[in-house]
Amino acid sequence: MERSVDRASQEMLDRAKQAERQTVWDRFEQQDPQCKFGSEGLCCRVCHMGPCRIIDKKSPAGVCGADADTIAARNLARMIAAGAAAHSDHGRDVAHALLLAAGGGGDYKVQDPLKLRQVARDYGIAVDGADDAQVAKAVAERALADFGQQEGELALTERAPARRVALWRKLGITPRGIDREVVEIMHRTTMGVDTDYRNIIRQGLRCSLADGWGGSMIATDLQDVLFGTPSPLRAQVNLGVLDQEMVNIIVHGHEPTLSEVVVAAAHDPELQKLARDKGAKGINVAGICCTANEILMRHGVPIAGNFLQQELAMMTGAVDVMMVDVQCVMPALSDLARHYHTKLVTTSPKAKIPGVEHVEFSEERAMEVGKEIVRRAVENFDQREGAPFIPKEKMDLVGGFTAESVFNFLGGTYRSTYRPLNDAIMDGRLRGAAGVVGCNHPAITHDWAHIEMAKELIKNDVLVVTTGCSAIADAKAGLLRPEVAFELAGKGLQEICETVGIPPVLHLGSCVDNSRILMVLSNMVAEGGLGEDISDLPVAGAAPEWMSEKAVAIGFYFVASGVYTVLGSGFPIAGSQNLTKLLTEELEEEVGGRFAFEGDPVKAAQLMIEHIEAKRKALKLREPMYA
Ligand code: NFS
Ligand code: SF4
């Protein structure tokens, strides 16, 4: 199997081989064969009577009597809890930064007062007569309270269509408080509590909603408030954005509270001068993973690569500092860094790596820390060992779409309406829309599944929205350029891209920005003509190369919101037929969405298109114009 379809990555993998450097792909091979009990969800380590493994006839239950269904469901629910916790803890930090900004302390300022007021209204906070600081304080406090709320409902869930809100209430899965739903999963899945796999998954759905319509949505909205709501812009992507003659700083991780100040610090005249004194032409910041998506969306800062490229970027020998914060950071970077001049720097008190330099970030001293990191990079520039090897590949892209901006463009004029999008779907120029999101996985040829799926969808007049590492994969393949529509999109989608000047694949941001997709779906329902609920819409979702627990939480909140969602590889639950049936069939009755598992990205796209067609039929829409 080829490791990557990305040329730049292939070149770096060749270099790695010559230099006998290990990568994630090698370690993945070393893990072969992976434990069957774990991968089928049949290993339980919840108490010290275990670990227990389910073996059909020999041991059909663990020491306590828990069976395959219980054990697989508990394991999966804990993945949801972890994923929701990661997104939500990120959201919490942003809310904290907003509170600081409201108090006038620290280095953050409200940059989108309009969005601030919108969020305030959605929280039911009175804004008339209040100044920005007062509104920001009220919003930040309200958002922070959402995490610890014990009773009632998360306010932002009311952004969903009324039908959906009512359904959640009926099912008892409206989230009460963000932290509470995570804690309740941990409680229910500990030894001797919830044994009913259906009941466990119910709580899983509730917790995932606390992520999508809670923690992640708070992260997205308050980041827009603090750092500005993105608008479409041009940028570049892939390892070729590293510049041999510049100080290269890679920001890797997730929280823009830090990457934003690093980008600003890189413009500091004093540091710029220092860089020139060191013989560099300037300071170049580039991103990896979702913090890259954040600063791309708002500033057009180039992206060096996605999840599976983190080691490859370091192997160029051109990275003077790789700064990491939280999530998706491979511990392997620390060993690898010993072979290069690259300074690896951890920054979060939540995420240290043994033997790695730590420059502790806090929102209170944001700019000071940002400058310190840039300074270390500049001072490291002349420590490079030999000439770097930077692949030439880089690609242009247009990114920066949001739920607010994206479909305004479909009308050709800037107005806040989803009418043109809904009309295009209703008159059959567009068949529907699909969200393709998520990670890379070394078991799947890097980027291949994302790209092939997106191509198949746009060929069939399905508009694609994308986030996370999937967006970066598509970007590298050139799918985020408006002109690619003429080459690869169906005729209907081509017409739309041409009229509006948008690419057929729209970059909506980082993984917490999947909450933007939830808002797009809500807005489509609100605009009218496509049914009463998200589950009526001709849309589908997919994560063709997922690996993170965060992707599990995302998949669940899409399904719980009524979206048919196809995963490139199944959840680790194959040992429980009942649970598999619940997630891939029966859930649809309950919540209007369900999962499908399909490893072939083109087949997966066809499943999505079939689903979209079924929804079109149910809505009695006309046949697609260019079928
Ligand atoms: Ni999402 Fe973004 Fe990438 Fe996966 Fe990791 S960076 S938060 S989890 S690997 S898409
Ligand atoms: Fe085994 Fe039950 Fe303990 Fe799990 S909870 S380790 S199945 S005894």
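Residues numbered from 1 in each chain as written. Chains lettered and ligands numbered in written order. Predicted model: local features only at pLDDT ≥ 70, side-chain atom pairs only at ≥ 80, totals over all residues. Heavy atoms only, no water.

## Examining the overall build of the protein
The condition that has to hold: Numbering goes from the N terminus for both helices and strands, where a helix is a DSSP run of H or I of at least four residues and a strand is a run of E of at least two. For a compact globule the rule gives 2.2 Å times the number of residues to the power 0.38, and the radius of gyration it is set against comes from C-alpha atoms. Here's how the labels work: a residue is buried when its accessible area is under 20% of the maximum for its type, exposed when over 50%, partly exposed in between, all with a 1.4 Å probe on protein chains only. Contacts are assigned to residue pairs that have any heavy atoms within 4.5 Å of one another. We get accessible surface area from the Shrake-Rupley algorithm with a probe of 1.4 Å; when it comes to residues, only the shown protein chains can shield them. His residues and chain termini do not enter the charge count, which takes Lys and Arg as positive and Asp and Glu as negative. We put the charge of a Lys on NZ, of an Arg on CZ, of an Asp on CG and of a Glu on CD.
Each helix and strand counted, the protein has 24 helices and 16 strands in total. The C-alpha atoms of the protein give 24 Å as radius of gyration, which agrees with the globular expectation for 627 residues (25 Å, within 12%). Taking the principal axes of the C-alpha coordinates as reference, the protein spans close to 65 × 65 × 50 Å. Taken across its 627 residues, the protein has 62% of its residues classed as buried. Considering only contacts in the protein between residues 6 or more positions apart, those separated by 24 or more positions represent 75%. With an accessible surface of roughly 23000 Å², the protein has 50% of that area assigned to carbon and sulfur atoms. Across the protein, the 67 positively charged side chains and the 85 negatively charged ones have centroids separated by 1 Å.

## Here's the deal with the packing of helix α4 (residues 68-102) against helix α22 (residues 549-560)
What counts, and what does not: To get an axis, fit a line to the C-alpha atoms, keeping to the stretch in contact for a helix; angles then go from 0 to 180 degrees between the N-to-C directions. Working rule for angles: under 35 degrees goes down as roughly parallel, over 145 as roughly antiparallel, 65 to 115 as roughly perpendicular, anything else as oblique.
At a minimum axis separation of 7 Å, α4 and α22 run at an interaxial angle of 95°. As summarised for this structure, α4 and α22 are arranged roughly perpendicular, according to the angle between their axes. Between α4 and α22, the contacting residues are Leu 76, Met 79, Ile 80, Ala 82, Gly 83, Ala 84, Ala 86 and His 87 on the first element and Glu 549, Lys 550, Val 552, Ala 553, Ile 554 and Phe 556 on the second.

## Things to note about the domain arrangement of the protein
Heads up, the condition is: Reported domain spans reflect what an automatic or database domain assignment gives. Using a 1.4 Å probe, buried area is obtained as the accessible area two parts lose upon being combined, added over both of them. For this document, the term salt bridge refers to a Lys or Arg side-chain nitrogen within 4 Å of an Asp or Glu carboxyl oxygen. Charged residues are taken to be Asp, Glu, Lys and Arg, nonpolar residues to be Ala, Val, Leu, Ile, Met, Phe, Trp, Tyr, Cys and Pro, and polar residues to be all remaining types, Gly included.
If you check the domain split of the protein, you get domain 1 (43-227), domain 2 (239-383) and domain 3 (397-544 + 599-618). The C-alpha centroid of domain 3 is placed 26 Å from the C-alpha centroid of domain 1. The interface is formed by 16 residues belonging to domain 1 together with 14 residues belonging to domain 3. For the pair domain 1 and domain 3, the two sides together bury roughly 1300 Å², of which 58% comes from carbon and sulfur. It is Pro 161, Arg 163 and Thr 220 in domain 1 that bury the most area against domain 3; as a group they hold 35% of the surface buried on that side. If you look at where domain 1 meets domain 3, you find three salt bridges. Every element with two or more residues in the side of domain 1 that touches domain 3 is listed here: α4, α7 (162-171) and α9 (197-227). Ranked by residue count, the leading element in the side of domain 1 that touches domain 3 is α9, at eight residues. Residues of the side of domain 1 that touches domain 3, tallied by class, amount to five nonpolar, six polar and five charged.

## Considering the site of ligand 2
Here is the rule: Distances are taken per atom, and a residue is near a molecule or strand as soon as one of its heavy atoms is within 4 Å of it.
Lining the immediate environment of ligand 2, one finds Cys 44, Val 46, Cys 47, Met 49, Gly 50, Cys 52, Gly 62, Val 63, Cys 64, Ile 71, Arg 74 and Met 191. Class assignment of the residues belonging to the shell around ligand 2 gives a composition of nine nonpolar, two polar and one charged.

## Brief notes about the nonpolar core
Heads up, the condition is: Put simply, a nonpolar core is a bunch of buried Ala, Val, Leu, Ile, Met, Phe, Trp, Tyr and Cys residues held in one set by side-chain atoms that sit within 4.5 Å of each other.
Of all hydrophobic cores here, the largest spans 169 residues; its most connected members are Ile 249, Leu 457, Met 524, Phe 556, Phe 571 and Leu 583. Not counting the four nearest positions on each side in its chain, Met 524 is found in contact with Tyr 418, Leu 421, Asn 422, Ile 425, Leu 530, Leu 537 and Val 539. Of all hydrophobic cores here, the second largest spans 36 residues; its members include Trp 25, Ala 304, Val 324 and Leu 336.

## Some words on the coordination of the nickel atom of ligand 1
The cut-off we apply is this: Donor atoms (N, O, S) are those found within 2.8 Å of the metal centre, with the cutoff raised to 3.2 Å for Na, K and Ca; water is not part of the atom list, so apparent gaps in a site can occur. Any coordination sphere not matching a tetrahedral pattern (four donors, all angles between 85 and 135 degrees) or a square planar or octahedral pattern (four or six donors, opposite donors over 155 degrees apart, other angles between 65 and 115) is reported as irregular.
There is one protein donor for the nickel atom of ligand 1, namely Cys 511 (SG), at 2.2 Å. Geometry at the nickel atom of ligand 1 is irregular, judged from its four donor atoms and the angles of 90 to 163° they form at the metal. Along the chain, Cys 511 falls in the loop between β13 (505-507) and α21 (514-527).

## Remarks on the pattern of salt bridges
Enumeration over the complete set of coordinates arrives at 53 salt bridges. Two residues, Glu 181 and Arg 176, come together in a salt bridge whose shortest N-O distance is 2.8 Å. The exposure class of Glu 181 is buried, given its relative accessible area of 0%. Ionic pairing is found between Glu 368 and Arg 365, a salt bridge with its closest N-O pair at 3.5 Å. The structure contains a network of salt bridges with shared partners spanning Lys 115, Asp 122, Arg 159, Asp 221, Asp 224, Glu 294, Arg 298, Glu 404, Asp 513 and Arg 516.

## Describing the sheet that holds strand β12 (residues 462-466)
Operational definition: Pairing between two strands is assigned when DSSP locates at least 2 bridges connecting them.
Taken in spatial order, the six strands make up an open sheet running β13-β12-β11-β14-β15-β16, and their pairing is parallel. Every other strand in the sheet has two partners, leaving β13 and β16 (595-597) as the edge strands with one partner each. Between one strand axis and the next, the sheet turns by 25° as a mean value, whatever way the strands run. Pairing of strand β15 (residues 565-567) with β16, which is carried by three bridges, proceeds in the parallel orientation. Residue pairing in the sheet places Leu 567 in a bridge with Phe 597 of β16.

## Here's the deal with the environment of Leu 397
Locating Leu 397 in the fold gives a position in strand β10 (residues 395-399). What makes Leu 397 buried here is its relative accessible area of 1%. When the C-alpha atoms of Leu 397 and Val 237 are compared, they prove to be 7.4 Å apart, with 160 residues separating the residues in sequence. In contact with Leu 397, not counting residues within four places along its chain, are Leu 233, Arg 234, Ala 235, Gln 236, Val 237, Leu 296, Ala 475, Leu 480 and Arg 481.

## A look at the packing of aromatic side chains
The description of an aromatic ring pair uses the distance of the two centres, along with the angle that the planes make with each other. For clarity, the cut-off: A pair of Phe, Tyr and Trp rings is counted when the ring centres sit within 6.5 Å of each other, with Trp represented by its six-membered ring. The angle between the planes then sorts it: under 30 degrees is stacked, over 60 is edge-to-face, the rest tilted. For a Lys NZ or an Arg CZ to count as sitting over a ring, it must be within 6 Å of the ring centre and within 35 degrees of the ring normal.
Under the defined criterion, the tally for this structure stands at eight aromatic pairs. With a centroid separation of 5.6 Å and 65° between ring planes, the pair formed by Trp 168 and Trp 213 is classed as edge-to-face. Taken together, the residues Trp 168 in helix α7 and Trp 213 in helix α9 connect sequence positions 45 residues apart. Here the two residues Trp 168 and Trp 213 agree in accessibility, since each one is buried. Taken together, the ring pairs connect Trp 546, Phe 556, Phe 571, Phe 595 and Phe 597 into an aromatic cluster. The ring of Phe 37 carries the charged tip of Arg 53 above its face, separated from the ring centre by 5.0 Å.

## Comments concerning the site of ligand 1
All residues in the neighbourhood of ligand 1 are listed as His 254, Cys 289, Cys 290, Phe 307, Cys 328, Gly 438, Cys 439, Cys 469, Cys 511, Met 547, Ser 548 and Lys 550. Partitioned by chemical class, the residues of the shell around ligand 1 number eight nonpolar, three polar and one charged. Three or more residues apiece are contributed to the shell around ligand 1 by two domains, here domain 2 (239-383) and domain 3 (397-544 + 599-618).

## What about the side chain of Asn 284?
Note that Asn 284 resides in strand β5 (residues 283-288). Under the relative-accessibility criterion, Asn 284 is labelled buried at 10%. If sequence neighbours within four positions are ignored, Asn 284 has contacts with Val 241, Leu 242, Asp 243, Met 246, Val 247, Asn 248, Ile 249 and Pro 302.

## Thoughts on the pairing of strand β3 (residues 233-237)
Regular strands show a simple pattern: their side chains alternate between the two faces of the sheet. Residues Leu 233, Ala 235 and Val 237 line the buried face of β3, whereas the alternating positions Arg 234 and Gln 236 sit on a face that is not buried. Here β3 pairs with β10 via five bridges, running antiparallel. Directly across from Ala 235, in β10, lies its bridge partner Leu 397.

## Looking at helix α8 (residues 178-188)
What counts here: Starting at the helix axis, one direction is taken to each C-beta atom, and the arc is that of these directions.
Ile 178, Glu 181, Val 182, Glu 184, Ile 185 and Arg 188 are the residues of α8 that are buried. One face of α8 carries all of its buried residues, which in axial projection span an arc of 160°. Buried residues along α8 sit in contact with α4, α6 (132-148) and α9.

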